[in-house]
Amino acid sequence: MSQPLLQLQKLSVNYGGIRALSEVSLEVYPGEVVCLIGANGAGKSTTLRAISRVVKARSGSIIYDGKNISTVEASQVVRSGIAQSPEGRQVLTRQSVKDNLEMGAFIRSDGEIASDIQRQFERFPRLRERQNQLAGTLSGGEQQMLAIARALMSRPKLLLLDEPSLGLAPLVVKEIFAIIDELHAAGVTILLVEQNARLALQHANRGYVLEAGHLTLFGPAGQLLDDDRVRQAYLG
Ligand SMILES: Nc1ncnc2c1ncn2[C@@H]1O[C@H](COP(=O)(O)OP(=O)(O)O)[C@@H](O)[C@H]1O
Ligand SMILES: [Mg+2]
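Before going into details, it helps to say that this report is about the structure given with it. (Residues numbered from 1 in each chain as written. Chains lettered and ligands numbered in written order. Predicted model: local features only at pLDDT ≥ 70, side-chain atom pairs only at ≥ 80, totals over all residues. Heavy atoms only, no water.)

Here's the deal with the packing of aromatic side chains
Inspection of the entire model under this criterion finds one aromatic pair. A centroid spacing of 5.4 Å and a plane angle of 20° characterise the contact between Tyr-208 and Phe-218, whose relative ring orientation is stacked. With a gap of 10 residues between them, Tyr-208 in strand S9 (residues 206-211) and Phe-218 in strand S10 (residues 214-220) connect regions that are remote in the sequence. What makes Phe-218 exposed here is its relative accessible area of 58%. (Phe/Tyr/Trp six-rings, centres within 6.5 Å; stacked < 30°, edge-to-face > 60°. Helix = DSSP H or I, 4+ residues; strand = E, 2+ residues; numbered from the N terminus. Buried < 20%, exposed > 50% of the residue type's maximum accessible area, 1.4 Å probe, protein only.)

Right under this line is the structure:
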């Protein structure tokens, strides 16, 4: 197999005196969609925040593209090709849709930013219709699309998606996951965090299960969907 694009080695994160993540080790290979599932509070967002260097790791390492990025600045992580669509979208509500997309390209100075915005509009036609609207006036689903499009504006090699289905109506969730499938088909490597385990496993190649900061199970997505422990705890 090729070298992993991302490798976490015994990654631990504390918030004050509280351990949120305990020696988590996982790999994401180029072109894969890997999902990280687990209950509320399991440490899923913490894992993504540690990779983005928004929170500090207590110990362990983050190897990306063969390099140890455990101590680099958050902006350097984006420059190296990792972009995150955070939990709760976090779009800039008082800025227009277009300005939010431009913000996603903050690390770039090439001449293709405008054409990349058009590319996002092709992928998300509803964002084109609303390009001059303030992002705060969009529906939840549209804000989720904007958060993903904004992350794509940095032309990431690795896309981190935190709870893209959270709070959205089933039809909108379907649309969002169709886009995740498209990105997968286009070769974008994705680490997907979801409380909706069934949905995540249906759209991923492999999955990891996180319980109270510890990885307890991992394997091919189909195998996890059939696993009794996963079924009982996460698939209802
Ligand atoms: N900023 C923070 N300060 C203190 N504790 C936090 C903070 N963020 C998360 N936690 C705690 O860390 C644990 C993991 O949280 P989180 O990574 O957000 O879980 P998940 O995304 O799986 O729901 C939880 O116990 C949560 O309460
Ligand atoms: Mg979370």
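Concerning the coordination of the magnesium ion (ligand 2)
Around the magnesium ion (ligand 2), the protein contributes the donor atoms Ser-45 (OG) and Glu-87 (OE), at 2.1 Å from the metal centre. Remark: Glu-87 occurs in the loop between strand S6 (82-85) and helix H3 (97-104) and Ser-45 occurs in helix H1 (residues 44-51); sequence separation between them is 42 residues. Judged by relative accessible area, Ser-45 falls into the buried class, the value being 11%. (Donors = N, O, S within 2.8 Å, 3.2 Å for Na, K, Ca; no water.)

Considering the sheet that holds S6
In sheet architecture, strand pairing relies on hydrogen bonds along the backbone and comes in two forms, parallel and antiparallel. Read across the open sheet, the six strands follow the order S6-S7-S8-S3-S9-S10; overall the sheet is mixed. Either end of the sheet is taken by a strand with one partner, and the two such strands are S6 and S10. Averaged over all adjacent pairs, the angle separating strand axes in this sheet is 15°, with direction ignored. Pairing geometry for strand S3 (residues 33-37) and strand S8 (residues 189-194), over five bridges, is parallel. Opposite Val-33, over in S8, you have Ile-190 as the bridge partner. Along the sheet face, helix H7 (residues 170-185) touches S3, strand S7 (158-162) and S8 and points at about 155° away from the line of S8. (Pairing = 2+ DSSP bridges. Axes fitted to C-alpha atoms, helices over the stretch in contact; angles between N-to-C directions. Contact = heavy atoms within 4.5 Å.)

Considerations on the packing of helix H6 (residues 140-152) against H7
Where H6 meets H7, the axes come as close as 10 Å, and the angle between the chain directions of the two elements is 15°. In terms of axis orientation, H6 runs roughly parallel to H7. Of the two possible hands of crossing, H6 and H7 adopt the one that is right-handed. On H7, the residues that touch Gly-141, Gln-144, Met-145, Ile-148 and Leu-152 of H6 are Val-172, Glu-175, Ile-176 and Leu-183. (Parallel < 35°, antiparallel > 145°, perpendicular 65-115°, else oblique. Left-handed = near helix turned anticlockwise from the far one by under 90°.)

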